[in-house]
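A structural walkthrough
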Amino acid sequence: MEIQYENLKTLNKPFEALLKQKFSDFLDKGWYILGDEVAQFEQEFGLYHHEKYVVGVANGLDALILSLRCCALEKGDEVIVPSNTYIATILAILHCDLVPVFVEPDIHTYNIDPKKIELAITPRTKAIMVVHLYGQCCDMAPILDLAARYKLKLIEDCAQAHGASYKGKLAGTFGDFSAFSFYPTKNLGAMGDAGAVICKKEEDYILLKQLRNYGSEKKYHNSVVGYNSRLDELQAAFLRIKLPFLNQINAHKQALASIYQQTLSDQFIKPVVVNNFEHVYHIYNIRHPERDRLKAYLQKHQIGTEIHYPVPPHHQKALKQMNQMSFPISSLIHETTLSLPCSFAHSTDQIKQVAEILNKFD
Ligand SMILES: *Cc1c(COP(=O)(O)O)cnc(C)c1O
């Protein structure tokens, strides 16, 4: 039987009755934009994180852009960002007329290497944007220390890290701003596009609420040059159904990952999970020198895989200014990484099958 990399219909099947009821209530209510569902979701997502200020926005990219907009940076200011991340992190910096400065990841955790951050700081550095890649937190203590010492804004890209934690503290609770995506495949996924920002200060909270809604606090009065980036009311309603199950979803993914961790042979490089870091496995990846042959082998056995990501950001056509630069660790990860099935939609038996077939690869 085929084992797909992901299947969103199966993923959301356990919530089907609740979602249908929610949609029916939504139709009865007839309130479509910035209503109770958005306000309630913001409050509940805040409670989950023990944070006061949450602003629902249209998607994860906008969550990053709006966070940067609140930092009041000047054109050309530099933002430190990992050289291996999803392109959205970098696009957010570019859309704000800022300069992304790439810092290489640690080859074991795939997250930004704190030791290399300081070397990249210049007088124009104004912010650090960390990405908790694949669902494991960055090493936050040295990063917080650097941000404080150099007076840099700290933004967390939490799009892959809902519910992940570092020394008992949740991803999204460290930075001045934390950006979340609820894209359908994320650990907390909507049934369409959705996102949110957590921030620390009331003034930023007020500004974020204006920015997402045409720069307006009071209808038809616009105090800043805003966007239309509201969290959709229906998506907020759906997210409220799924949020109470986030820990269960994460626990399931962790159980699947632990099967891989325990059974995969040593020919595969497995993710290194550091003590005190709670990985939520948005993505379970392995590395192998013959990644493409491995992917084809699994495909032949009807096992779907993905590559996160096939092209490193500095080799993307959209980032011409970086095409000549060299980020060997990032390139190595991109050349060798393979993401295995590890979804709430998969059973432990399916994952055992995948592991068994993998171990026969030669
Ligand atoms: C998914 C993702 C985003 C973007 O989220 P969207 O909701 O698709 O805009 C940003 N950063 C990372 C690391 C992501 O994985």
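Residues numbered from 1 in each chain as written. Predicted model: local features only at pLDDT ≥ 70, side-chain atom pairs only at ≥ 80, totals over all residues. Heavy atoms only, no water.

1. Considering unusual backbone geometry
Trans peptide bonds make up the majority, and among non-glycine residues the majority have a negative phi. Cis geometry marks the peptide bond from His308 to Tyr309, where omega comes out at 10 degrees. Locating Tyr309 in the fold gives a position in the loop between helix H11 (291-300) and helix H12 (328-336). Unlike most non-glycine residues, Asn276 shows phi in positive territory, near 80 degrees. Counting through the fold element by element, Asn276 comes out in the loop between helix H10 (246-263) and strand E12 (277-278). (Helix = DSSP H or I, 4+ residues; strand = E, 2+ residues; numbered from the N terminus.)

2. A short note on the side chain of Thr89
By secondary structure assignment, the location of Thr89 is in helix H5 (residues 87-95). Taking the relative accessible area as the measure of exposure, Thr89 reaches 0% and is therefore buried. At a separation of 3.1 Å, a polar atom in the side chain of Thr89 contacts the main-chain carbonyl oxygen of Tyr86. A polar contact of 3.0 Å, which involves the side chain of Thr89, links it to the side chain of Asp157. Aside from chain neighbours lying at most four places away, what touches Thr89 is Leu64, Val81, Met129, Val131 and Asp157. (Buried < 20%, exposed > 50% of the residue type's maximum accessible area, 1.4 Å probe, protein only. Polar contact = N/O pair within 3.5 Å; in protein donor to acceptor, adjacent residues only side chain to side chain. Contact = heavy atoms within 4.5 Å.)

3. Some thoughts on the environment of His49
In this fold, His49 is placed in helix H3 (residues 36-49). Spatially, the C-alpha atom of His49 lies 26 Å from that of Arg149, the residues being 100 residues apart in sequence.

4. Describing the site of the ligand
Every one of the 13 residues lining the ligand counts as a neighbour, but Gly60, Asp157, Gln160, Ser181 and Lys186 are closest to it. At 2.8 Å, a backbone N or O of Gly60 approaches an oxygen atom of the ligand. Contact distances for the ligand include 2.7 Å between an oxygen atom and a side-chain N or O atom of Lys186. Secondary-structure elements contributing two or more residues to the shell around the ligand are helix H4 (60-70) and H5. (Near = heavy atom within 4 Å.)

5. Describing the sheet that holds strand E7 (residues 169-170)
The strand order across the open sheet formed by three strands is E7-E6-E12, and the pairing between neighbours is antiparallel. The open sheet has two free edges, formed respectively by E7 and E12, since each of these has just one partner strand. Two strands pair when backbone bridges link them, and strand E6 (residues 165-166) and E12 are joined in this way by two bridges, in the antiparallel orientation. Looking across to E12, one finds that Ser165 is bridged to Glu278. (Pairing = 2+ DSSP bridges.)

6. Regarding H10
A rise of 1.5 Å per residue sets the reference length of H10, with its 18 residues, at 26 Å; its end C-alpha atoms lie 26 Å apart and thus fit the reference within 8%. Of all the residues in H10, the buried ones are Leu246, Ile249, Asn250, Lys253, Leu256, Ala257, Ile259 and Tyr260. Looking at the packing, one finds that the buried side of H10 touches H3, helix H9 (233-242), strand E13 (284-287), strand E14 (337-340) and helix H13 (348-359). (Expected span 1.5 Å × (residues − 1).)

7. What to know about the sheet that holds strand E3 (residues 99-103)
Here seven strands make up an open sheet; going across it, the order is E1-E9-E8-E5-E4-E2-E3 and the pairing mixed. Edge positions in the sheet fall to strand E1 (53-57) and E3, since each has one partner strand and no second. The average undirected angle you get between the axes of adjacent strands in this sheet is 20 degrees. H5 rests against strand E2 (78-82), E3, strand E4 (125-131) and strand E5 (153-157) of the sheet, and its axis sits at about 145 degrees to E3. Each of E1, strand E8 (177-181) and strand E9 (195-199) touches helix H8 (residues 202-211); the most contacted strand, E1, lies at about 15 degrees to it. (Axes fitted to C-alpha atoms, helices over the stretch in contact; angles between N-to-C directions.)

8. Let's talk about the pattern of salt bridges
Following the criterion strictly, the structure yields 17 salt bridges and no others. A salt bridge links Lys20 to Glu16, with the nearest nitrogen and oxygen atoms 3.3 Å apart. Of this pair, Lys20 and Glu16 both sit in helix H2 (residues 16-29), separated by four residues, roughly a single helical turn. Exposure remark for Lys20: the relative accessible area of 54% places this residue in the exposed category. Of the charged contacts, one joins Glu290 and Arg293 as a salt bridge, the two residues approaching to 2.8 Å between their closest N and O atoms. With relative accessibility at 38%, the residue Glu290 sits in the partly exposed group. Assessed through its relative accessible area of 40%, Arg293 is described here as partly exposed. (Salt bridge = Lys/Arg side-chain N within 4 Å of Asp/Glu carboxyl O.)

9. A look at the packing of H3 against H9
As a packed pair, H3 and H9 sit with axes 8 Å apart at the nearest point and diverge in direction by 40 degrees. What the angle tells us is that H3 and H9 run oblique. Read as a crossing pair, H3 and H9 show a hand that is left-handed. Along its contact with H3, which presents Asp36, Glu37, Val38, Gln40, Phe41 and Glu44, the element H9 presents Glu233, Ala236, Ala237, Leu239 and Arg240. Considered class by class, the residues forming the contact of H3 with H9 number five nonpolar, one polar and five charged. (Parallel < 35°, antiparallel > 145°, perpendicular 65-115°, else oblique. Left-handed = near helix turned anticlockwise from the far one by under 90°. Nonpolar A, V, L, I, M, F, W, Y, C, P; charged D, E, K, R; others polar.)

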